[in-house]
Every structure is written in C-alpha cells, then in structure tokens.
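# Structural overview
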Amino acid sequence: MPQPVQPVRVDHSKLAAAVRALAMDGVEKAKSGHPGLPMGAADVATVLFTRFLKYDAAAPDWPDRDRFVLSAGHGSMLLYSLLYLIGSPGMTVDELKRFRQLDSKTPGHPEHFMTPGIETTTGPLGQGLATSVGMAIAERMLAAEFGPGISDHHTYVLCSDGDLMEGVSQEAIALAGHLKLSRLVVLHDDNGISIDGPLSLADSVDQPMRFESCGWRSERIDGHDPEAIAAAIERARASDRPSFIACRTTIGFGAPKKAGTSKAHGEPLGAEELAGAKAAIGWTAAPFEVPDDILSAWREAGRRGASERDAWNARAAAMDEAPKRDLGRRMKWELPEALDGAVAELKARLISKPESIATRKASELALEAITAAMPELLLGSADLTPSNNTRTKAAREIAPGAFSGRYIHYGIREHGMCAAMNGIALHGGYRPAGATFLVFSDYARPSMRIAALSGIPAIYVFTHDSIGLGEDGPTHQPVEHLAALRSMPNLRVFRPADAVETLECWQLALQRTDGPSLLALTRQNLRPVRTEASAGNGCAAGAYEVLAAENAAATIFASGSEVEIALDGAKLLAERGIPARVVSVPSLDLFLAQPEETRRAIIGTAPIRMAVEAAVRFGWDAVIGDRGLFVGMTGFGASAPYKELYRHFGITAEAVADGVARSHNQRNA
C-alpha cells in the first residue's frame, strides 16, 4: 500500500488559510455561493491533500490516482481553491475570479465535463457519496483482474450533513459496507448546521453508529486538529472495512458573527465579515493572492504523486501485450474488435431461425454474445435478476473479498445502483449496465440525470415496459415513463420491437460514449418484425420502414410491442383498400436528432399519420403533428392478463385500422 507523504514544510495553519481565503474571495466576488463549508472543512482537506492523496496535478487522469469526491458540491470553492493551489491544469486565478460565471471552469457546483481534476459532477446531495461507491468497486475489480501493481488506490469523499440525510446515502453505504470496500474513506464535515438553522431542527441521527450498523468502521474527531485528522485517516487506510470519519467543524470558521450559523452557509460574507474572518485566520494578502512560500508548498504537494505515477507507468509498460492493450482500450471506452463479429453472427442466427420471444429474453441472448466478446461489460440488477434477464450463464457475482466477477447484486437500491454505475464508468475499466423495472426508473432518476448531464455512458436495462406486464397492475405499469425519460436531454431511450432490434439497440448503446442509454424491454412475447438480412444496423437512425405501401394513405409509427399491432392494423386496412406504411421507431429521441432530410424521408408524404404506443402521447407530436392520430394510453393501467388489458384500453389492430379509416373517409368525403 502506498505510504503517506510527509507534511510539507509550511505550517498547516497557513496552508489551510490559503484555502479559506481563496474560497471567501471567490464567493465574495461572485456575490453568490457557499463560503461556510470551505472555511469549515479547510483543515480536513489540507491534511488529505498535503499528506495522503496520491495525485499528480500534472496528470489529473492518471488511472491509479486516488479519487477525491466533493459530495457536498455546494462547497465547490473548496475544490476549485485546492485545484488552483496544487497546480491542476487550467485552474488559474482568473478562473477563481470567474466563479459562477458563464463558461468558466468554476461553475456553481463541480461539473466533471467542464473542469480537469473534478472526478464527478456533484451538487444534488448524496450523489457524490453514492457515486464514490462505484469508484471503489471498480478499483477493487481492476486490482482483482490486473493485479495490485495496476490498481492500488483509495477513494476519499468529503460529505455534508445534507448528503447523509438524502435517502440515496443509505443505499450507498449499505452496499459499500456489505462489499467491505476498505479503500473507501468518507470524511464528514460534521458542522451541525443546515440551511434552515441547527441540524437538530430536523435530524438527530447518530451517524457513526448508523455507518457501523452498515458494516463500516467509524469514529469522531476534531475536524480542526490536523494531527487528529491525519491519525484518523491513517487508521482508515489500515482498516479492512470502509471508513467513516465524523470531523467536527465550525461552518464559516473564523467569521466573527456568522461562524457556526446558517448565515455562513449559502451567501457571501460581506465586506466587514470577510475582513474579520481573514484577520481571525491571520491572512493579510490581497484578494486572490497567495504568498510565494505558501503557494510553493502547495505546488510541491501537487507534484508529490509524480514518482508514484512514473512507477505505475513503468509497471503498465511491462505488462504482457494482450492485457496491456485490453486495459488501454477499456480506459478509453473503446469497444473490442470482436464485438461487431459477435453481433453479426447472432443477428444472422436470429433471422434464420426467428421466434416469438420477449425483448427481455432477446436481451439475454444478446448479452450472452456480447459478454463473450466484451469482458469489461459489468452487469447487475436491483434484485430483479430473474425478471430482468441480465445475468449470463458464465457471469460470476462480485462479493466481499471477491471482485473478479462480472455481476453485481445491487439489492433493492435502484437509486444507489445508478449512482454506483456512474462511479464505475467514471473510474474507467468497465462499462456498467444495471437493471430494474421501467416503472422504478422514478427511484433512479437523479442519478440518471447526472449521467446525462455529465456524458457518462451507463446503460439501463429496464424491463416490464408497459401494461403488457399484466397482472401486477397500475403500480407497476409505466405509462408516463417513456415520455418523461425521452424528455431528459442526452438520455437515449430504446424500445425495440423484436429480438433483432434488441440486439441492434444493444450495439448502439455500447457504441455510444457521450451519454447514457436505456433499453425498455417487454415481459410479453413479441413476433419477429425483422425476418430478412440487411447490411448495417437498421435501428441506427432511430426509425425505419418495416412495411412499405405504394401510394400510402397513411403512415403508422410504433415502438416496441406495438409494432406488431401496427402491422396487423395495416393488414386490416389493406383489406379495406387503404394502403398504409408502418415505421418502427425503436428510438424516438435518436430519430428526432437525425438531419431533417433523413427524418422527412422516413416520415414520408402520406396524408394521415398515426402513432401507436402503450404509453401516453406526449412527445409523438414531433412526428405525427398535433392533428395526428394516436392509439395508446390516456391514464393509468389496471390489473388483468395483458391481452385483456390491450383490448380494454383500445390498443388493438382494429383500433388502428378504424382510426385511420375514419380519417381517410373524412378526407375523401
């Protein structure tokens, strides 16, 4: 295990004062922000960064660095000040002065995609803590696969009282404790203050006892005593369990009137209070200036991981060629060369021997082929493995002390699962795919939004995608969820209609590296839609014609399980002498992102447009227009066998044909 570096030569109080002063200056200049946490947690962060963190500021993406996650993202000036002080690329004094300004590297909350050195986007409380669990999982998995010479680092989290009150924190710490993620260390800024006032207004949880009950090692310390902080971190690093350190601090440390109050939390100190705070910590430098000796000491701390990085580079270069290439490819999210061949082989088999199966089962078939070619695909489920069909025959689960598997049992923790997936992907080395029922995406949405915002290529396998799940009833039947998820920017939603489309949607999801993808899959069996071989990926444009019609009077658009209903409706229309095209839309949002020329060609010129989906209409008007016809849901579902439900709600081939015929007859009256 790497040894902690020795304390730098400049006195700790001066190093911490630099962090406090820069944070105060940034918030004051912006006239906006949260000075209290940086002022209170500066001692904890200074000890961590100058004595323990294995980090080379010149290479913020070095794979074996320690990760530092500021889960309390509202205290972002703490992190920006630290990055400037250690010499992180691009973090300049000018950027500190541009705190919370458009296109700065110092936005209101840390954003991974904007600022080098930010390990994950944080701000929504609890997300950073939950994401860090995924990072710790990935670190142990890489060590199990490639050896401790390649993966041997810690994940440190600085969290707030608010992080610990969010429900996702319980999901995260329970999973981490169960897996005994001993390389995970959580430092709690235990200041006892929330926005409304004292924490005691709303919370009386004994947090160390709570963590211990989840299998963590925990302790309480004085968060302003550097030696106590260092000793606690030493004990955490030696533990065989994840560690929680409650660091008792004073929010707004040094502020004459606001220290220890909610007034220090989320507003600038003001000129008088700022001056008093700087006097209290002995800081005399001008705003945004750091004395040379203090800055030099900080920059030295930022370089202290360079020798560790050089040694790691040498070990990585000495690896055998095959694992070295594999690791390098995976850390860049590049797909294996064998993947396209595996997909093509399975597609040919599905077309030559078509069968009616649920798309969740088709997904299982796809995963058997994909995982054989893509060892980094890390599957899992929130306690619905037999229903989600996400565990392949060869997959072994990870377990405490056994991290060589490729399957995670997340437990009934949808939110924590999706946050951990973010951490796994951000850490590098694995592509996570996690599963639950589509209706439970509501539980996971905040973590999914972070993935979409940050461009994280997580994959969600959400089954039981409509009233087609049947008897479980309206609590489990998603009707508004497809529309809600499609409305999230940068989340790509796939709803395939058969086994071939399911395979192609998996291929598209894996090819995507700039954001998350979701596969909405059926419980019920579906007839094959694609029965003829074709070059390329038919779903690549998000929509394509599955039934042509000369001089078509109507085009019927459908997704997933309703494509076969649309095809049957078109057949009935043909019997009435009304020609109709059918377009499968496996990804509405991907289709709408296509160039206008592509969209026009697929939509066609038929005067009548109809969409068919066992969900609400919202979103489909972009294709069919506000006067287009829609066959689908207008309210919640019900409990009954699924075929009966489709008839009850009028999602049938007869309803499709009757709707188009009425419109056609009216037009020709």
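Conventions we followed
- Residues numbered from 1 in each chain as written.
- Predicted model: local features only at pLDDT ≥ 70, side-chain atom pairs only at ≥ 80, totals over all residues.
- Heavy atoms only, no water.
- Helix = DSSP H or I, 4+ residues; strand = E, 2+ residues; numbered from the N terminus.
- Expected span 1.5 Å × (residues − 1).
- Buried < 20%, exposed > 50% of the residue type's maximum accessible area, 1.4 Å probe, protein only.
- Contact = heavy atoms within 4.5 Å.
- Core = buried A, V, L, I, M, F, W, Y, C linked by side-chain atoms within 4.5 Å.
- Axes fitted to C-alpha atoms, helices over the stretch in contact; angles between N-to-C directions.
- Parallel < 35°, antiparallel > 145°, perpendicular 65-115°, else oblique.
- Left-handed = near helix turned anticlockwise from the far one by under 90°.
- Nonpolar A, V, L, I, M, F, W, Y, C, P; charged D, E, K, R; others polar.
- Polar contact = N/O pair within 3.5 Å; in protein donor to acceptor, adjacent residues only side chain to side chain.
- Pairing = 2+ DSSP bridges.
- Phe/Tyr/Trp six-rings, centres within 6.5 Å; stacked < 30°, edge-to-face > 60°.
- Salt bridge = Lys/Arg side-chain N within 4 Å of Asp/Glu carboxyl O.

## Structural notes on helix α7 (residues 167–179)
- Taking 1.5 Å per residue as the helical rise, α7 with its 13 residues ought to reach 18 Å, and the 19 Å between its terminal C-alpha atoms agrees with that figure.
- Within α7 the residues assigned to the buried category are Val-168, Ser-169, Ala-172, Ile-173, Ala-174, Leu-175, Ala-176, Gly-177 and Leu-179.
- In this structure, the buried side of α7 is in contact with α5 (127–146), α6 (161–165), β3 (184–190), α8 (207–213), β9 (407–409) and α17 (414–427).
- Looking one or two places after α7, you find Lys-180, whose phi comes out positive at around 55°.

## Quick look at the nonpolar core
- By size, the foremost hydrophobic cluster in this structure holds 67 residues, and its most contacted members are Ile-137, Leu-181, Trp-216, Met-448, Tyr-460 and Leu-518.
- With 10 residues, the top contributor of residues to this core is α5.
- With sequence-adjacent residues up to four places away left out, Ile-137 is seen in contact with Leu-175, Leu-179, Leu-181, Ile-398, Ile-408 and Ile-424.

## Things to note about the packing of helix α21 (residues 563–575) against helix α26 (residues 653–667)
- Across the interface, α21 lies against α26 with an axial gap of 8 Å and an inter-helix angle of 50°. Viewed along their axes, α21 and α26 adopt a mutual orientation that is oblique. Considering only the axes of α21 and α26, their crossing is right-handed. Counted together, Ile-565, Asp-568, Gly-569, Leu-572 and Leu-573 of α21 and Ala-653, Glu-654, Val-656, Ala-657, Val-660 and Ala-661 of α26 form the full contact between these two elements.
- Within the contact of α21 with α26, the residues separate by chemical class into 8 nonpolar, 1 polar and 2 charged.

## A look at the side chain of Ser-71
- Its place among the elements puts Ser-71 in the loop between β1 (67–70) and α3 (76–86).
- Taking relative accessible area as the criterion, Ser-71 reaches 0% and is therefore assigned buried.
- Of the polar contacts made by the side chain of Ser-71, one reaches the backbone nitrogen of Leu-129; its length is 2.9 Å.
- When sequence neighbours within four positions are dropped, the list of residues in contact with Ser-71 reads Thr-122, Gly-123, Leu-125, Gly-126, Gln-127, Gly-128, Leu-129, Val-157, Leu-158, Cys-159 and Asp-163.

## Side note on the pairing of strand β8 (residues 377–381)
- Most of β8 sits out of view: 5 of its 5 residues are buried.
- The two faces of β8 match: Leu-377, Leu-379 and Ser-381 on one face and Leu-378 and Gly-380 on the other face are all buried.
- In the sheet, β8 pairs with strand β10 (residues 431–437) via 5 bridges, with the strands oriented parallel. Looking at β10, one finds that Leu-379 is bridged to Ala-433.

## Overview of the sheet that holds strand β13 (residues 517–520)
- One open sheet accounts for 6 strands, arranged β9-β8-β10-β11-β13-β12; its pairing is parallel. The outermost strands of the open sheet, each flanked by one partner alone, are β9 and β12 (492–494). Along the sheet, successive strands turn relative to each other by an average axial angle of 20°, direction set aside.
- Of the pairings in the sheet, the one linking β10 to strand β11 (residues 459–463) comprises 5 bridges and is parallel in character. Across the sheet, Ala-433 pairs through a bridge with Ile-459, a residue of β11.
- Across the face of the sheet, helix α15 (residues 359–373) comes into contact with β8 and β11 while running at roughly 150° to β8.
- Against the sheet, helix α18 (residues 441–454) contacts β10, β11 and β13, and its axis sits at roughly 160° relative to β11.

## Some points on the packing of helix α1 (residues 12–30) against helix α2 (residues 36–52)
- It is at 9 Å that the axes of α1 and α2 come closest, and there the two elements cross at 130°. Regarding the angle of α1 to α2, the classification is oblique. Like other packed secondary-structure pairs, α1 and α2 cross with a definite hand, here right-handed. In contact with His-12, Leu-15, Ala-16, Val-19, Arg-20, Ala-23 and Met-24 of α1, α2 contributes Pro-38, Met-39, Gly-40, Ala-42, Asp-43, Thr-46, Val-47 and Thr-50.
- Grouping the amino acids of the contact of α1 with α2 by side-chain chemistry returns 9 nonpolar, 4 polar and 2 charged.

## Some points on the packing of aromatic side chains
- Evaluation of the coordinates by the stated rule reveals 8 aromatic pairs.
- Plain terms: the ring middles of Tyr-80 and Phe-99 are 6.2 Å apart, the flat faces sit at 65° to each other, and that makes the pair edge-to-face. With Tyr-80 in helix α3 and Phe-99 in the loop between α4 (93–97) and α5, this residue pair connects regions lying 19 residues apart in the sequence.
- Residue classification places Tyr-80 among the buried residues on the basis of a relative accessible area of 0%.
- Between Phe-440 and Tyr-443, the ring centres sit 5.8 Å apart and the planes meet at 25°, which makes this aromatic pair stacked.
- Among the aromatic residues, those joined into a cluster by ring pairs are Phe-211, Trp-216 and Phe-244.

## Concerning the pattern of salt bridges
- Tallied over the entire structure, the rule returns 42 salt bridges.
- Note that Arg-217 and Glu-219 form a salt bridge whose closest N and O atoms lie 2.5 Å from each other.
- On the basis of relative accessible area, Glu-219 is assigned to the buried category, the value being 13%.
- Linking Arg-495 and Glu-613 is a salt bridge whose minimum nitrogen-to-oxygen distance equals 3.9 Å.

## A few points about the sheet that holds strand β17 (residues 608–613)
- Taken in spatial order, the 5 strands of this open sheet run β14-β16-β15-β17-β18, and their pairing is mixed. This sheet does not close on itself; its edge strands, each paired only once, are β14 (544–547) and β18 (629–632). The sheet shows a mean angle of 25° between the axes of neighbouring strands, direction not considered.
- Of the pairings in the sheet, the one linking strand β15 (residues 554–558) to strand β16 (residues 580–584) comprises 5 bridges and is parallel in character. From the neighbouring strand, Ala-554 faces β16, where its bridge partner is Ala-580.
- Here α26 sits on the sheet and contacts β15, β17 and β18; the angle it forms with β17, its principal contact strand, is near 165°.

## Some points on α15
- Here α15 contains 15 residues, and its C-alpha end-to-end distance of 21 Å stays within 8% of the 21 Å for a straight helix at 1.5 Å per residue.
- Inspection of α15 places Thr-359, Arg-360, Ala-362, Ser-363, Glu-364, Ala-366, Leu-367, Ala-369, Ile-370 and Ala-373 among the buried residues, and these make up the whole buried set.
- In this fold, the buried residues of α15 make contact with α14 (338–352), β8, α16 (385–388), β11 and α20 (499–511).

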